[in-house]
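The primary structure of each chain is shown beneath.
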Amino acid sequence: MENLFSEGFIQVGRRLFKEHYWEEATPEQKVILLTLLSLAVYEPKVWDAYGRKITLQPGQFVKTLPKLQQECGRGITLSQIKTALHLFAVAGWVTSEPVSRSPKSGKLFTVNAALRTGLSPSELELQQLRRGCGADGMPFKIS
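Analysis parameters
Residues numbered from 1 in each chain as written. Predicted model: local features only at pLDDT ≥ 70, side-chain atom pairs only at ≥ 80, totals over all residues. Heavy atoms only, no water. Helix = DSSP H or I, 4+ residues; strand = E, 2+ residues; numbered from the N terminus. Buried < 20%, exposed > 50% of the residue type's maximum accessible area, 1.4 Å probe, protein only. Contact = heavy atoms within 4.5 Å. Areas by Shrake-Rupley, 256 points an atom, 1.4 Å probe, with all protein chains shown as cover. pLDDT = per-residue confidence, 0-100. Pairing = 2+ DSSP bridges. Axes fitted to C-alpha atoms, helices over the stretch in contact; angles between N-to-C directions. Salt bridge = Lys/Arg side-chain N within 4 Å of Asp/Glu carboxyl O.

1. A closer look at the overall build of the protein chain
Argument step 1. Broken down by element type, the protein chain carries six helices and five strands.
Argument step 2. Listed by position from the N terminus, the elements making up the protein chain come as α-α-β-β-β-α-α-β-β-α-α.
Argument step 3. Per-residue burial for the protein chain yields a buried fraction of 32% across its 143 residues.
Argument step 4. For the protein chain, long-range pairs separated by at least 24 residues make up 51% of all intrachain contacts whose partners lie at least 6 apart in sequence.
Argument step 5. Approximately 9,800 Å² of the protein chain is accessible, and the part contributed by carbon and sulfur atoms is 54%.

2. Quick word on the confidence of the model for the protein chain
Argument step 1. On average, residues of the protein chain score 80 in pLDDT, and 75% of them are at 70 or above.
Argument step 2. Across the protein chain, element-level confidence peaks in helix α3 (residues 65-72) with a mean pLDDT of 96 and bottoms out in helix α6 (residues 121-131) with 54.

3. Points about the environment of V41
Argument step 1. Note on placement: V41 falls in the loop between α2 (27-39) and β1 (45-49).
Argument step 2. Here the alpha-carbon distance between V41 and P58, two residues 17 residues apart in the chain, equals 5.2 Å.
Argument step 3. The residues touching V41, leaving out its near neighbours within four places in the chain, are L56, Q57, P58, G59 and Q60.

4. Considerations on the sheet that holds strand β5 (residues 107-111)
Argument step 1. Strand order in the open sheet formed by three strands is β3-β5-β4, with antiparallel pairing between adjacent strands. Each edge of the open sheet is held by one strand with a lone partner, namely β3 (60-63) and β4 (94-98). Direction aside, neighbouring strands of the sheet carry axes that sit 25 degrees apart on average.
Argument step 2. In this sheet, β5 lies alongside β3 in antiparallel orientation, the contact comprising four bridges. The residue bridging K63 from the neighbouring strand is K107, located in β5.

5. Brief notes about the pattern of salt bridges
Argument step 1. Tallied over the full model, the rule gives two salt bridges.
Argument step 2. A salt bridge links K53 to D48; the shortest N-O distance between them is 3.9 Å.
Argument step 3. Judged by relative accessible area, K53 falls into the exposed class, the value being 61%.
Argument step 4. A salt bridge links K63 to E71, with the shortest nitrogen-to-oxygen separation between them at 3.5 Å.
Argument step 5. The class for E71 is partly exposed, based on a relative accessible area of 42%.

6. What about the environment of I81?
Argument step 1. Relative to the assigned elements, I81 resides in helix α4 (residues 78-91).
Argument step 2. On the basis of relative accessibility, which here comes to 0%, the residue I81 falls in the buried class.
Argument step 3. Separated by 52 residues in the primary sequence, I81 and Q29 place their C-alpha atoms 7.4 Å from one another.
Argument step 4. Each residue touching I81, except ones within four places of it in the same chain, is listed here: I32, L65, L68, Q69, C72 and I76.

Right, dumping it as structure tokens:
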């Protein structure tokens, strides 16, 4: 059997499971959130979004809603995904914005850094400062 960790892993902080929004979420919404976490890049990556070059930062990815639905698996509807994305935006966990006016180009999703690392915003800020990073998680630029 192949090593399950050969392509990396996703770290989920236990605090997530105590959050109000997680406790109130449906099983489908929980699957959608974990799928979003799994799709987010972990290092900067250049993405060609239908002729437009986008530099994805850690925690970001581009997908159309139908492709996201496929990633989530059988039984997850587009309506459930839209409802979950609204809930996650209210919770401050995930944001999305269109890449262009064309619905075929997909959306740019951004997973909140605190959710990706399992740290509170203040703990995350402290960790980033220790690594020499700003609040956006990117290294400080010295001019």
